[in-house]
Amino acid sequence: MKKTVRKVFFLWDYEKEERWLNEMSQKGWQLTWASFRKYRFEKGEPGQYEYKLELLEKKTAATESKSYLEFLKEAGIELVGECRNWIYLRSKTADKAFVSSKPCLDELSHLMKVQQFQNSLRNMLMLMVVFSFVLILALEEFTGIPVADFFRGFGTGLGLASSVIALCFVFLMKKQNRKMKEAIKELYTCE
Amino acid sequence: MNKSENIALTEAVFYILLALHQALHGYGIMQETQKLTKGRLNLSAGTLYGALSALMEKSWIKALESEEESRKKEYIITELGKSVFKAELDRLQELVQNGKKVITQ
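Owing to the predicted nature of the structure, the values given are computational and were not obtained by experimental measurement. (Residues numbered from 1 in each chain as written. Chains lettered and ligands numbered in written order. Predicted model: local features only at pLDDT ≥ 70, side-chain atom pairs only at ≥ 80, totals over all residues.)

Quick notes on the interface of chain A and chain B
Going by this rule: Any two residues are considered in contact once their C-beta atoms, placed from the backbone, lie within 7 Å. To qualify as a helix, a DSSP run of H or I must reach at least 4 residues; to qualify as a strand, a run of E must reach at least 2; elements of each kind are numbered from the N terminus. Residues were grouped as follows: Ala, Val, Leu, Ile, Met, Phe, Trp, Tyr, Cys and Pro as nonpolar; Asp, Glu, Lys and Arg as charged; and all remaining residues, including Gly, as polar.
The partner chain B presents 17 residues to the 19 residues of chain A that form the contact. At the level of elements, helix 2 (63-74) and helix 3 (103-138) of chain A are the ones that each hand at least two residues to the side of chain A that touches chain B. Considering each element in turn, the side of chain A that touches chain B owes the most residues, four residues, to helix 2 of chain A. Classifying every residue of the side of chain A that touches chain B gives nine nonpolar, four polar and six charged.

Next up, the structure:
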């Protein structure tokens, strides 16, 4: 038995997403494929697999990522899906491949990758804001010409939208920074 | 930039270096560590991969060249790695001795 589920998780809700996939596994629904907001499940044994979401620094096709994925494969970990740099991994629960006695280190390295990812998104947003302002300014002297007016309108819209998103992003990154500080504090007393 | 002189090894690194006194592939290291610690220490694949990359950069371990493409990549400790491991063992010995001295008084 198979089923496809559409479900929206926000980028920063990866922990919730991971928990959901593991809950589905407990109910016997094993994820076999995942992409942007789409999940394919197959009925199997409850709890047979454990799922984990990881963020790669580079896309899966990059050499560094390939060698990591190869390493995971050798450890019996399957790649079931990907969405940009996020990968969906699964391993037989009995293998305990995701169980770590060094959670502090794992947590910190994961948080760092998430932060890197957020930084690149933030840079893209800032670039969009700058681009729209340049567009508006450059078209300033052509007021009245329909094409120029259209692009000025476009620039204003883009500028406003990306500014609003960028502002929301600031809050998101603050939350991330707090998590990071906690993780570093933990490192003083555990590995 | 050599911060790693005279500092303690992490437990994960200690067991990886210990296990790699014989040539092993990634999964083999995980199994060996579990066996040696009777299941207490479980290295996740992510931790292990990160540690192996860092250790290779330090030349404490090296990857063995395999003739066949399909064979799993194996690693082994280097001479430098062995001397680091030996120094760590001495440090741990001191730790245990000092601890015992106080406790048994």
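A word on the sheet that holds strand 3 (residues 74-77) of chain B
Residues and elements named next belong to chain B. To keep it simple, the criterion reads: Paired strands are those between which DSSP finds at least two bridges.
Taking strand neighbours across the sheet as the criterion, the three strands line up as 1-3-2 in an open arrangement whose pairing is antiparallel. At either margin of the open sheet sits one strand with a lone partner, and together these are strand 1 (24-25) and strand 2 (61-64). Relative to strand 3, strand 2 runs antiparallel, the two being bridged by four bridges. Across the sheet, residue Ile-61 finds its bridge partner in strand 3, namely Ile-77.

Re helix 1 (residues 14-26) of chain A
Residue and element names in this part refer to chain A. Threshold: For a helix, the expected span equals 1.5 Å multiplied by the residue count minus one. Any residue with 12 or fewer other C-beta atoms within 10 Å of its own C-beta is exposed, any with 20 or more is buried, and the rest are partly exposed; the C-beta atoms used are placed from the backbone. Each direction from the helix axis to a C-beta atom contributes to the arc, which is the arc of those directions.
In this model helix 1 runs 18 Å from its N-terminal to its C-terminal C-alpha over 13 residues, within 8% of the 18 Å that 1.5 Å per residue would give. Taken as a whole, helix 1 has its buried residues at Glu-17, Leu-21 and Ser-25. Down the axis of helix 1, the sector holding all buried residues measures 85 degrees, keeping them to one side. Looking at helix 1, the residues exposed on the side facing more than 90 degrees away from the buried face are Glu-15, Lys-16, Glu-23 and Gln-26. Close packing links the buried residues of helix 1 with strand 2 (29-35) and strand 4 (49-55). Just downstream of helix 1 lies Gly-28, where phi reads positive at about 95 degrees.

All we've got here are geometric facts, nothing functional implied.
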